[in-house]
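The lines below spell out each chain.
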Amino acid sequence: QVQLVESGGGLVQPGGSLRLSCAASGFTFSNYAMKWYRQAPGKERELVAAISSVGGSTTYADSVKGRFTISRDNAKNTVYLQMNSLKPEDTAVYYCRAKSNYYGYWGQGTQVTVSS
């Protein structure tokens, strides 16, 4: 069955870094664009970063440009989100999503808390 399993979340101080991972299984990973979303309490889920199926194209929300980097390893069926210079407003549950022209899948999410 399809699985997207996020890991790497946790508590970090402002200015710190975290690296999220999303391990995929049950579908042909290299055929899917991969995206990271986040949802803070009381707010709508928002797109943070996206990467094309072969990794040649990336996009970022304005709020994370220059601080976050999305990457993927198609040999490991894994997508990453490197988050640097974290701010309290980055606190949210982070979800990965696999998206093709026909199907889309969500992970269960991982909590990121930025606080001193």
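Residues numbered from 1 in each chain as written. Predicted model: local features only at pLDDT ≥ 70, side-chain atom pairs only at ≥ 80, totals over all residues. Heavy atoms only, no water.

Engineer: How do you make sense of the overall build of the protein when you look at a structure like this?
Structural biologist: Helix and strand content of the protein: 0 helices and 11 strands. Mapped from its N terminus to its C terminus, the protein presents α and β elements in the order β-β-β-β-β-β-β-β-β-β-β. Its C-alpha radius of gyration of 13 Å places the protein within 12% of the 13 Å reference for a compact globule of 116 residues. For the C-alpha atoms alone, the extent of the protein along its principal axes is close to 40 × 25 × 25 Å. (Helix = DSSP H or I, 4+ residues; strand = E, 2+ residues; numbered from the N terminus. Rg over C-alpha atoms; globule rule 2.2 N^0.38 Å.)

Engineer: Could you clarify how one ought to interpret the sheet that holds strand β3 (residues 18-25) in this entry?
Structural biologist: Across a sheet, strands are paired by hydrogen bonds formed along the backbone, either parallel or antiparallel in direction. Across the sheet, which stays open at both edges, the 4 strands sit in the order β1-β3-β8-β7 with antiparallel pairing between neighbours. At either end of the open sheet lies a strand with only one pairing partner, and these are β1 (3-7) and β7 (68-73). For this sheet the average axis-to-axis angle between neighbouring strands, irrespective of direction, equals 15°. With 5 bridges joining them, β1 and β3 adopt antiparallel strand pairing. Bridging across to β3, Q3 finds its partner in S25. (Pairing = 2+ DSSP bridges. Axes fitted to C-alpha atoms, helices over the stretch in contact; angles between N-to-C directions.)

Engineer: It is not clear to me how unusual backbone geometry should be interpreted in this structure. Could you clarify?
Structural biologist: Across residues other than glycine, the phi torsion is negative in most instances, and most of the peptide bonds are trans. For N77, which is not glycine, the phi dihedral falls at a positive 55°. Relative to the helices and strands, N77 is located in the loop between β7 and β8 (78-83). The exposure class of N77 is partly exposed, given its relative accessible area of 26%. (Buried < 20%, exposed > 50% of the residue type's maximum accessible area, 1.4 Å probe, protein only.)

Engineer: What's the story with the environment of V64 in this structure? I'm lost.
Structural biologist: On the secondary structure map, V64 appears in the loop between β6 (58-60) and β7. Residues V64 and T28, 36 residues apart in the sequence, show an inter-C-alpha distance of 28 Å. Excluding residues that lie within four positions of it along the chain, V64 makes contacts with R38 and V48. (Contact = heavy atoms within 4.5 Å.)

These values are about where atoms sit, not about what they do.
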